[in-house]
Amino acid sequence: MYFDLVLSYFLNIRFILLVLFGSVIGLFVGAIPGLSVTMATALLVSITYTWTTNDAMATIMGLYVVGVFSGALSAILINIPGAPSSVVTAFDGYPLAKRGEAYKTLKYATIYSFIGSVFGLVAMWTLCGPISKIALKFHPIDYFLLALFGLAAVGSLTSKSFSKGLISAAFGLFIAMIGLDSVVGSPRLTFGIRSLQAGIATVPALVGLFGFTEVLSSISHNDMEAQVSEMKSEKIPLKDVLKHFWHSMYYAVIGTVVGALPGAGGPVASFLAYSSAEKIVRKPSRPFGEGAIEGIVASETSNNACIGGAMIPMLALAVPGDAVTAIILSVFYVHGLQPGPMFIKTQPGMFASVVAGGLLGCVFLLLLGLVVAPKLSRIILVPKRILLPLVTVLCIIGAFAANNRMFDVLLMFLFGILGYVMRRRGYPVAPMVLAIVLGGMMDSNFRRAVSLVQSEEHKIAAMFSSPITIVLLILTILTLLMNVPVVSTKIKGIKGR
Amino acid sequence: MGEPYGECGSLFLLQSTLKVRISMKKYLKSSDSVEGALFFVISVLGIIFSIKSHSMMDMDWKLSPYLFPLAISIMLFALSISLLIEGRKKEEAKKDKSVHYRDMLLYILICFIYYLLLPYVGFLVSTVVFLIFTFRLLGLKKWSMTILLSVVATLFVYILFARLLHVMLPSGSIYYYLGL
Amino acid sequence: MKKYIIAILLVALTVSTLFASGVKEGEKKVNYPTKPITMIIPYGAGGTTDVSGRKFAAVLQKVIGQPVTVQNMPGASGSIACKYVKDAAPDGYTVLFHAESLGTQRVAGLSDLSYDDFTPIMSVVNDPKVIVVAKDSKYNTLEDLLADMKKNPGKVKMSYTGPGGSGHVQGIIMEKLGYVPALTAYKSGSDCFLAVLSGEVDFTNSNFATVVGYIASGDLKLLAVSSDRHLDKYPDVPTFEEVDPAAAPYMKNAFTPLNFLVANTVDSAIVDVLRDAAKKVVESDEWKSFVADNCLEPLYEKYKTPEEIKKFYSEWTSLVSWLLYDAGAVKNSPSDFGIARPNN
């Protein structure tokens, strides 16, 4: 698949430097809570108008690959995920950092993000056609079931009390319902407030529930000193790090396939990978949620594998897999290229530059992650009385800049206060964030599925006709059943025997 | 908005149920049970609200915008009962160490004022002021350090975002009206 | 110490409310533009409005000599972005590149804004609506499709981009003409044609630029154009009204007009600067080849003066508002806003 073309980019100094430029921006933007890779890409597009498409592509791919990774930095170091797809990384990453093991955690995150990104991009490079065909087989009902499956899994992952996890998800779903209904266009649950008609955006919710909550929680406990006084700097042999390689391949497959489904993306992939890690890892180094390095492996591999996945429908079908690829798509259009089924054939050079830019981005991910990230991690040595106000300002910028609305800043504060109350009472916020991300998609896909079978004779049969649907349905029902307290104690009893 | 009647009704219900909740409080042992009861009430309200709002729309349940809210309410209903059961088994955990509510509330108040000032005064001025207040509140001792840090941090953030990354920040409408 | 802080906070609060209340407008000179201009696009990245707007901005910044930064501000059918532009300081540094929905926001109950709240700089392009089916579809011509819909009302599935959008309007027009499709709403134009490709629905009414690659590759069959004008690239493909003449009154207005606007409070001198610049943009070769590549209909050739543009807006608003209202797709009656019924 145009191996020589890809190779030629690897030898192009200008191309390499531009990827590096993008990567450095990505490292900072991704790590700052609320500044999303999406926003950075959109802004970069304005800067790169006048550049050639290749130059623009190099910068954007570098930013994309490293930006998705660096969301993990703030998740690990200050418990504030840079993006929804890094939420899962915070589960185990932050407890590890609190133990002073930030260096080790960052090393694992970097190496497995690298592995995930390379896997996804190679899959995109070699299997673009077949994977896009699989993605086309997912119908509205399957999207609904996939999201439901993700939510069902998350309730059990994040809380000691299954009910509390799912209650958090339920409220998240309510929040996702707010706004204009996608099918009939009437306002729903807006209580007459005009500003709510656009719905509640993910960024203010994420930044509030994690960032501002963290600030409030620190203040209320009056811990104003640095989080850890010193960091362990033990050497970890690469062999030890790579012990999880085979498991990571499994997470990477999850990430690539979920990434290729338009609209699902990183958050779903990382949650699914994490929940399967809980099942396939027999003896985690520490219990999941308290600093299991296996959790970092699962989350980071899968969310970075999503990059390649998300590029697949964009390249093969001109349908963006996520918000960033939507912007890349518009870069193609603006530069006069015509994405779609003929794109790879008619524009092999462009395709190769996407592949090469992505792979070079992976290399810089590894370099920046191993060299610069440990330096950044010294931020946790800053006293909190200085750190917290600065984090607050960043939260505000993030909430505002996503849509340039002051209303979103207000929402961010409200979510922060809500998150604080939830944390005090033992309700996990992660299910709420995932539900806000997925709620709209669940609702519209479910009703779309219903609407599609309206004109059929046998409605139920038409809805559950495809094998994908049946598999997803069974998986979802099983997950839900397994978590009902009565059933789960029975199963444990059987296993114990 | 089409459903003012429904919302008024739910508000009234909310008030009356709140009263019931308060009187029930002594019978509920742990705060999990209290929350369970609260969610129970919310879920019932949600079910009523969904059915009521749906009846104002002229369409099938299958395609109604309120199908999902109804489903979530029913789910919450089941979960609240499950939480009530869990709460009965558990004794109330001891209150953890002293919580500094005063500082926290003051911090939220400062944030709120910052939020109000931002669109009018703009990012630069309001952020410097915000940082000075919050640094002092959280116990930064030296004034010189406080002011220096606030100004430097604000400028750094401003240059990084507004100038280098072209992120839009509130610019402050008074400057326009003052003719600056 | 803390009392001190509280006292200062209270003062700050009072001062902020002072600023919030009415401030008089000062004098300003026209030295424009002296800093970057922000172009707001009320839809998400990657759609037809976004692509055209970004291209327009790219050429505009060369002409005007200042960077033009594009911001996507999607939500509530574009009403959020319109309100943002309307409320921004009227200094000409916040401009709007909008698709059609500004004309229908009031009847849909989304906002109080309409085209009257904005000054048109230019009516830019129309992305023609086309009817497409999958390559293995049993329909080969629009006649086949229409005949089947007439025989089996409510059985032929069509995807559209959501309530009040141009795809929805197309579906309503078909219903008016006696062809009843089974409508299913999708999130975006690309989701709509994806549903055709995967066989979920039988056909869709897409913007041409969205599907041009698929028509070229043969994955989609192009049946007809919903316009009164043939496509330059496919001159043999019939227009809707050639197949059913009853459609003629609905086809004379562009369905997806993309417009370049500023708030009507912006100084007329600034408006003139922008109009001149926009004219230079559409005369550039770069823009012309973009228009040709995507088969866009240049509206600036059709509606040249601001008066013509305003007339077009009011006709469009009246036609589409009443169509939506009569079909029960919107709640508010157009007559509440003084929108007259179209006379045909």
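(A) A look at the overall build of chain B. Broken down by element type, chain B carries seven helices and zero strands. When its helices and strands are written in sequence order, chain B yields α-α-α-α-α-α-α. Residues counted as buried form 32% of the 180 residues belonging to chain B. Contacts in chain B between residues at least 24 apart in sequence constitute 64% of all its contacts with a sequence separation of at least 6.

(B) Here's a closer look at the pairing of strand β6 (residues 157–160) of chain C. Residue and element names in this part refer to chain C. Burial along β6 is two-sided: the residues Lys-157 and Ser-159 and Met-158 and Tyr-160 are all buried. As paired elements, β6 and strand β7 (residues 182–185) share four bridges and run parallel to each other. Paired with Tyr-160 across the bridge in β7 is Ala-185. Handedness of the crossover joining β6 and β7 through helix α5 (residues 166–176) is recorded here as right-handed. Of the pairings in the sheet, the one linking β6 to strand β8 (residues 203–207) comprises two bridges and is parallel in character. Looking across to β8, one finds that Met-158 is bridged to Phe-203.

(C) How the structure looks around the sheet that holds β8 of chain C. All names here are of chain C. Sheet architecture is open: five strands sit in the order β7-β6-β8-β5-β9, paired in mixed fashion. Edge positions in the sheet fall to β7 and β9 (220–226), since each of these pairs with one other strand and no more. Neighbour to neighbour, the strand axes of the sheet diverge by 30° on average, direction disregarded. Bridging between strand β5 (residues 129–134) and β9 involves six bridges; their strand directions are antiparallel. Following the sheet pairing, Val-130 is matched in β9 by Val-225. This element, helix α6 (residues 189–197), spans β5, β6, β8 and β9 of the sheet and lies at about 150° to β8.

(D) Expanded view of the confidence of the model for chain C. Residue and element names in this part refer to chain C. The pLDDT averaged across chain C works out to 80; a share of 90% of its residues lies at or above 70. Mean pLDDT in chain C bottoms out at helix α1 (residues 2–20), which sits at 55, and peaks at β5, which reaches 91. In the model, residues 16–28 has pLDDT below 50 throughout and makes 15 contacts with residues more than four positions away in sequence or in other chains. Taken together, the chains of this predicted complex give a pTM of 0.80 and an interface ipTM of 0.81.

(E) Spatial organisation of the interface of chain B and chain A. Facing 46 residues of chain B, the contacting portion of chain A comprises 47 residues. At the level of elements, α2 (31–56), α3 (67–89), α4 (101–121), α5 (123–137) and α6 (143–164) of chain B are the ones that each hand at least two residues to the side of chain B that touches chain A. Ranked by residue count, the leading element in the side of chain B that touches chain A is α4 of chain B, at 10 residues.

(F) Summary view of the environment of Lys-187 of chain C. Residue and element names in this part refer to chain C. Position of Lys-187 among the secondary structure elements: in the loop between β7 and α6. For Lys-187, a count of 18 C-beta atoms within 10 Å corresponds to the partly exposed category. When the C-alpha atoms of Lys-187 and Ser-159 are compared, they prove to be 9.8 Å apart, with 28 residues separating the residues in sequence.

(G) Region of interest: the interface of chain C and chain A. Between chain C and chain A, the contact holds 44 residues from the first and 39 residues from the second. Those elements giving two or more residues to the side of chain C that touches chain A turn out to be α2 (48–64), β2 (68–72), α3 (79–87), β7, α6, α7 (208–217) and α11 (285–293) of chain C. Residue composition of the side of chain C that touches chain A, grouped by class: 20 nonpolar, 15 polar and nine charged.

(H) Region of the structure containing helix α8 (residues 162–177) of chain A. All names here are of chain A. Relative to the 22 Å expected for 16 residues at 1.5 Å per residue, α8 spans 23 Å between its end C-alpha atoms, a close match to the ideal helical length. Of all 16 residues in α8, 15 are buried; the element is thus mostly enclosed. Following α8 by one or two positions, Gly-179 adopts a phi angle in the positive range, close to 120°.

(I) Broad picture of the sheet that holds strand β4 (residues 118–126) of chain C. Residues and elements named next belong to chain C. Spatial strand order, β2-β1-β3-β10-β4-β11: six strands in an open sheet with mixed pairing. Whereas interior strands pair on both sides, the edge strands pair on one side only; in this sheet they are β2 and β11 (297–298). Inspection of the sheet shows strand β3 (residues 94–98) paired to strand β10 (residues 257–263) by three bridges, in the antiparallel sense. Directly across from Phe-97, in β10, lies its bridge partner Phe-260. On top of the sheet, helix α10 (residues 268–283) reaches β4, β10 and β11; it is set at about 10° to β4, its chief contact.

(J) Fine view of the domain arrangement of chain C. All names here are of chain C. What the domain assignment lists for chain C is domain 1 (37–126 + 256–337) and domain 2 (129–251). Here domain 1 and domain 2 have C-alpha centroids that lie 25 Å from each other. Taken together, the contact between domain 1 and domain 2 spans 18 residues of the former and 20 residues of the latter. Among the elements that make up the side of domain 1 that touches domain 2, the one with the highest residue count is helix α13 (residues 306–326) (three residues). Residues belonging to the side of domain 1 that touches domain 2 are distributed by class as follows: nine nonpolar, seven polar and two charged.

(K) Seen up close, the packing of helix α9 (residues 202–220) of chain A against helix α18 (residues 406–424) of chain A. Residues and elements named next belong to chain A. Between α9 and α18, the shortest axis-to-axis distance is 7 Å and the interhelical angle comes to 55°. Regarding the angle of α9 to α18, the classification is oblique. In this structure, α9 crosses over α18, and the sense of that crossing is right-handed. Together, Pro-204, Ala-205, Val-207, Gly-208, Leu-209, Phe-212, Thr-213, Leu-216 and Ser-217 of α9 and Asp-408, Leu-411, Met-412, Phe-413, Leu-414, Phe-415, Gly-416, Gly-419, Tyr-420 and Arg-423 of α18 make up the contact between the two elements. In terms of residue class, the contact of α9 with α18 is made up of 12 nonpolar, five polar and two charged.

(L) Up close: the nonpolar core. Ranked by internal contacts, the top residues of the largest apolar core, which has 331 residues, are Ile-76, Ala-170, Met-412 and Val-433 of chain A together with Leu-96, Val-132 and Val-196 of chain C. Contact partners of Leu-96 of chain C, with chain neighbours within four places excluded, come to Ile-40, Ala-81, Cys-82, Val-85, Phe-118, Leu-261 and Val-262 of chain C.

(M) Spotlight on the pairing of β5 of chain C. Residue and element names in this part refer to chain C. Counting buried residues in β5 gives six out of six residues, a clear majority hidden from the surface. Pairing of β5 with β8, which is carried by five bridges, proceeds in the antiparallel orientation. Bridging across to β8, Val-130 finds its partner in Ser-206.

Calculation criteria
Residues numbered from 1 in each chain as written. Chains lettered and ligands numbered in written order. Predicted model: local features only at pLDDT ≥ 70, side-chain atom pairs only at ≥ 80, totals over all residues. Helix = DSSP H or I, 4+ residues; strand = E, 2+ residues; numbered from the N terminus. Buried ≥ 20, exposed ≤ 12 C-beta atoms within 10 Å, placed from the backbone. Contact = placed C-beta atoms within 7 Å. Pairing = 2+ DSSP bridges. Right-handed = clockwise from strand over helix to strand, strands pointing away. Axes fitted to C-alpha atoms, helices over the stretch in contact; angles between N-to-C directions. pLDDT = per-residue confidence, 0-100. Nonpolar A, V, L, I, M, F, W, Y, C, P; charged D, E, K, R; others polar. Expected span 1.5 Å × (residues − 1). Domains from an automatic or database assignment. Parallel < 35°, antiparallel > 145°, perpendicular 65-115°, else oblique. Left-handed = near helix turned anticlockwise from the far one by under 90°. Core = buried A, V, L, I, M, F, W, Y, C linked by C-beta atoms within 7 Å.

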